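Descriptive structure summary
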Amino acid sequence: METKYINFKENSNNDFLIEAGSALRSGKLVIFPTETVYGIGANGLDETAVKRIFEAKGRNPDNPLILHIVKMSMLDTIAQNISTVERKLINAFFPGPFTIILNKKSIVPNAVTAGLDTVAVRMPSNSVAKELILSAGVPIAAPSANISGKPSGTNIEDIKCELMNKVEYIIDDGPCNIGLESTVVRVIDGVPTILRPGKITAEEIKEVAGSVKIDKNVFEKCSQNTKVLSPGMKYRHYAPNTKCVLVYSPNNDNLVAKINELVEETPNSLVISCLENADSFHSKYVFNIGQSDNLEEISKNVFSTLRKVDAYHVDLIIIQGVAQVGLGLAIMNRLLRACEYNYIEC
Ligand code: TXA
Ligand code: MG
């Protein structure tokens, strides 16, 4: 299949979005930008189109997709029995990097929800995403744009390597603003429970709903057989092929010393470091992902860096962690999974 590439960042002609929107409606796949990461979209009400997403990504059909909407009236076509707490969260965080799990209506195909009676819903704030969904006129099912297991696509160069000729359209809007996927929340017994941390933080959710919980599987490894609230938690994700270890200490001297100890043990290694430590490591290669107190910058860089490192053919990738507060929770969740929970705290 030939992919039509639309360079929207250089030619922001709305006709492209009308064309891609109507292609979506008629069953085609479109890679499109959102403020978090790029998505591979299909008409979320068309089972055949949705199944093509799973094929293109090599995704297990038991892992459900998010439906992306552009206006509140679309919400009521796909979800029902929305509680007061759920409404509060929706009003506070739509549009934005926030996904909520709701009771689904029967119009939502089983392929989207992997047979669950719930559906994940998000209203992105990126203007290209909004125009595209508006033009399609239907909710758009879209997982992150990457081959399953790989880091989510945050720029078109990375995405082209994996997904060119597997979709009908690619819309390039430059690098994503946030760089990490949306916060996924399910309200359980009236308490918002974070199933995947993201830009909307636990602190912000608590402020709106009065309470918040973080599901234990956000930080614990679970096996294929574990019963999880969100199927995506079970899968290997974000992982380079090279073995990785994540190291964190609240004391920076200890952190640097520990990483250098690991470098000494495995000289053919690479360090992913925060800016202020980048000159402190005795390693062959050091990648800087941003200043440790600039979590926005680290979020933006984390996936593209994880994609680069395999090319260096080292025996070990050592990653400097950050404090698990605010956006740091989301960053550490992705890094832990990239390292397959190989974690040292010192
Ligand atoms: O920022 C994002 O959320 C991006 C952009 C494209 O919107 N999308 C994204 O989709 O990250 P994906 O498919 O890569 O991750 C969706 C996560 C998966 O972990 C999936 O298991 C979970 O949401 N999920 C989807 N539907 C669910 C449901 N009904 N119940 C529980 N978890 C669900
Ligand atoms: Mg994904």
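No experiment lies behind these values; they were computed from the predicted model shown. (Residues numbered from 1 in each chain as written. Chains lettered and ligands numbered in written order. Predicted model: local features only at pLDDT ≥ 70, side-chain atom pairs only at ≥ 80, totals over all residues. Heavy atoms only, no water.)

1. Some thoughts on the sheet that holds strand β14 (residues 269-273)
- Taken in spatial order, the five strands make up an open sheet running β15-β14-β16-β13-β17, and their pairing is parallel. Strand pairing shows two members of the sheet lacking a second neighbour, β15 (285-288) and β17 (343-345), which therefore form its edges. Looking at each pair of strands side by side, their axes are set apart by 20° on average, direction ignored.
- By the bridge criterion, four bridges tie β14 to β15 in an arrangement that is parallel. Counted as the bridge partner of I272 is F287 from β15. (Pairing = 2+ DSSP bridges. Helix = DSSP H or I, 4+ residues; strand = E, 2+ residues; numbered from the N terminus. Axes fitted to C-alpha atoms, helices over the stretch in contact; angles between N-to-C directions.)

2. Overview of the site of ligand 1
- Lining the immediate environment of ligand 1, one finds 25 residues, of which T36, N63, H68, S182 and G232 sit closest.
- Between ligand 1 and T36, the relevant distance is 2.7 Å, taken from an oxygen atom to a side-chain nitrogen or oxygen of the residue.
- Where the shell around ligand 1 is concerned, the elements lending two or more residues are β4 (66-68) and β7 (118-122).
- If one sorts the elements of the shell around ligand 1 by residue count, β7 sits on top with three residues.
- Of the residues belonging to the shell around ligand 1, the class tally is 12 nonpolar, nine polar and four charged. (Near = heavy atom within 4 Å. Polar contact = N/O pair within 3.5 Å; in protein donor to acceptor, adjacent residues only side chain to side chain. Nonpolar A, V, L, I, M, F, W, Y, C, P; charged D, E, K, R; others polar.)

3. Brief notes about the pattern of salt bridges
- With the rule as written, the count across this model stands at 11 salt bridges.
- Here D76 makes a salt bridge to R87, at a shortest N to O gap of 3.4 Å. Taken together, the positions of D76 in helix α3 (residues 72-78) and R87 in helix α4 (residues 84-93) put the pair 11 residues apart, joining distant regions of the chain.
- The class for D76 is partly exposed, based on a relative accessible area of 35%.
- The partner of E296 in a salt bridge is K199, and the shortest N-O contact between them spans 3.6 Å. With E296 in helix α10 (residues 295-308) and K199 in the loop between β11 (191-196) and α8 (202-209), this pair connects stretches of sequence that are 97 residues apart. (Salt bridge = Lys/Arg side-chain N within 4 Å of Asp/Glu carboxyl O. Buried < 20%, exposed > 50% of the residue type's maximum accessible area, 1.4 Å probe, protein only.)

4. Some words on the packing of α4 against α8
- One can describe the packing of α4 onto α8 by two numbers: an axis separation of 9 Å at closest approach and a directional angle of 125°. Relative to α8, α4 is oriented oblique. Note on packing geometry: the crossing formed by α4 with α8 is right-handed. Counted together, V85, K88, L89, A92 and F93 of α4 and E204, I205, V208 and A209 of α8 form the full contact between these two elements.
- Tallied by class, residues from the contact of α4 with α8 come to seven nonpolar, no polar and two charged. (Parallel < 35°, antiparallel > 145°, perpendicular 65-115°, else oblique. Left-handed = near helix turned anticlockwise from the far one by under 90°. Contact = heavy atoms within 4.5 Å.)

5. What about the packing of aromatic side chains?
- Summed over all chains, the structure comprises five aromatic pairs.
- With a centroid separation of 5.0 Å and an interplanar angle of 15°, the aromatic rings of Y238 and F303 are classed as stacked. Of this pair, Y238 sits in the loop between β12 (213-214) and β13 (244-248) while F303 is found in helix α10, placing the two residues 65 residues apart along the sequence. No difference in accessibility class separates Y238 from F303, as the two residues are buried.
- Note on Y285 and Y312: the rings are 4.9 Å apart at their centroids and 65° apart in plane angle, and the pair reads as edge-to-face. Of the two residues, Y285 is situated in strand β15 and Y312 in the loop between α10 and β16 (316-320); the sequence distance between them amounts to 27 residues.
- Over the ring of Y5 we find K160, and its NZ or CZ is 4.0 Å from the ring centre. (Phe/Tyr/Trp six-rings, centres within 6.5 Å; stacked < 30°, edge-to-face > 60°. Lys NZ or Arg CZ within 6 Å of the ring centre and 35° of its normal.)

6. Thoughts on the side chain of S269
- By the secondary structure assignment, S269 is in strand β14.
- Judged by relative accessible area, which is 0%, S269 ranks as buried.
- If sequence neighbours within four positions are ignored, S269 has contacts with V263, S283, K284, Y285, V314, L316 and I318.

7. Quick word on the pairing of β7
- Most of β7 sits out of view: five of its five residues are buried.
- Here β7 shows no split at all, with T118, A120 and R122 on one side and V119 and V121 on the other all buried.
- Bridging between strand β6 (residues 98-104) and β7 involves five bridges; their strand directions are antiparallel. Directly across from T99, in β7, lies its bridge partner R122.

8. Regarding unusual backbone geometry
- The residue after F94, namely P95, is reached through a cis peptide bond having omega -10°.
- You can see P95 is positioned in the loop between α4 and β6.
- Residues other than glycine seldom take positive phi values, yet D189 does so here, at roughly 50°.
- Within the secondary structure, D189 is located in the loop between β10 (183-188) and β11.
- For D189, a relative accessible area of 79% gives the class exposed.
- A positive phi is found at E340, a non-glycine position, where the angle reads about 50°.
- Judged by relative accessible area, which is 38%, E340 ranks as partly exposed.

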